[in-house]
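# Structural features, examined
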Amino acid sequence: MYLSHSRTALNLIIQHIKNNHNYKNQLLVPDYICNTVTEHLKDLDIEIIYYKINKNLFIDFSNLNKLVHKKTIGLLIVHYFGFPINLDKALKFCEISNLVLIEDNSHGYKGYYKGKELGTFGKFGFTAPRKHLQINYGGFLNSKLDSNVIKTLKSNYKCNTYDKFKFIINNNFLSTKLFIQKYTSNKVNKIQYEPYQRIIDSKLDKFSLKIIQKTNWANLRKNKMRNYIRWKNFFSKYESINLFENFELDYFDVNPWCYPLIFNSEKEVINILNWAKKNLFIAFCWPTLPNAIKKDTLAYKYSRKIVCFSTYKAPGKNFKKSIVL
């Protein structure tokens, strides 16, 4: 089912689960997560219990084991940047612990693992095609829910003329747009994150739906993985830059949202953001963490030191411009 946003899908999932498990109100959520997810759940009277992530964004199962409670509804896992990290272990954990597995595949729409589409392994799953298409709206719910829950949705968002014009620019003149921004926007002098914007749960508008359905997702996935590999090959020359070890092994059918790198300091992050802007690449920091995440966690450290390089574009074979950190 197509929706305006992927977080709307999660909202509907939690409502459905609570309607069938009235005595449970706790959800296990990774501490490396965007506040757009957690803030959107606050109106549902759900208690969020954060579990830790380890190096390479793997789930800390030793920590997770300690958090399961009789009031725990389920486990939310995130396919970070489009990759199904710890999916098999998470499935087994939920089976043993009698938990509902929810897949957040917002980063990897139409990505596959072992021949099966991501977001369809757990009992519930959701994703966000809009993250790959430069459109304002576009979420997808993979699971069937109570018809009464779905009936409450209205069409609260529509694409206006400006939205459609922006889509044309981003998909046909992206390099030109980045070139203009290079000279018209200020130099990056601090790490910036996307501010939380409250949304109304909604169905998907007709314009966005048409774009999603007309897209050749097999070709898009192929191009984005090619760009992912180009980024990997380019940065592998720099010993001072930390690559995720074995992050993408065996994941050749995924649809990578971006290529993530860990830098050693916030100063390096700022330098690399300016380098990307100068060379007309798209780079950004993710996520905007919930306020509850403590500064001594690995999740907080990663949020300040990971830079995501968009797979819309990547260095060509002859790209030789060096990086100064």
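None of these values were measured; they are calculated from a predicted model.

Conventions we followed
Residues numbered from 1 in each chain as written. Predicted model: local features only at pLDDT ≥ 70, side-chain atom pairs only at ≥ 80, totals over all residues. Heavy atoms only, no water. Salt bridge = Lys/Arg side-chain N within 4 Å of Asp/Glu carboxyl O. Buried < 20%, exposed > 50% of the residue type's maximum accessible area, 1.4 Å probe, protein only. Helix = DSSP H or I, 4+ residues; strand = E, 2+ residues; numbered from the N terminus. Pairing = 2+ DSSP bridges. Contact = heavy atoms within 4.5 Å.

Moving on to the pattern of salt bridges. The final tally for this structure, using the stated rule, is four salt bridges. In this structure, E39 engages K42 in a salt bridge whose closest nitrogen and oxygen atoms are separated by 2.9 Å. On the basis of relative accessibility, which here comes to 55%, the residue K42 falls in the exposed class. Linking E117 and K110 is a salt bridge whose minimum nitrogen-to-oxygen distance equals 3.8 Å. Given the relative accessible area of 23%, K110 is considered partly exposed.

Burial runs high along strand β2 (residues 26–30): five of the five residues are buried. Of the two faces of β2, the one lined by Q26, L28 and P30 and the one lined by L27 and V29 are each fully buried. Of the pairings in the sheet, the one linking β2 to strand β3 (residues 47–51) comprises five bridges and is parallel in character. The residue bridging V29 from the neighbouring strand is Y50, located in β3.

Take the environment of V254 next. By the element assignment, V254 lies in the loop between α9 (217–235) and β10 (258–262). By relative accessible area, V254 is classed as buried at 0%. It is 9.6 Å that separates the C-alpha atoms of V254 and F81, two residues lying 173 residues apart in sequence. Sequence-distant contacts of V254, defined by excluding residues within four places in its chain, comprise G82, F83, P84, G111, Y112, R221 and M225.

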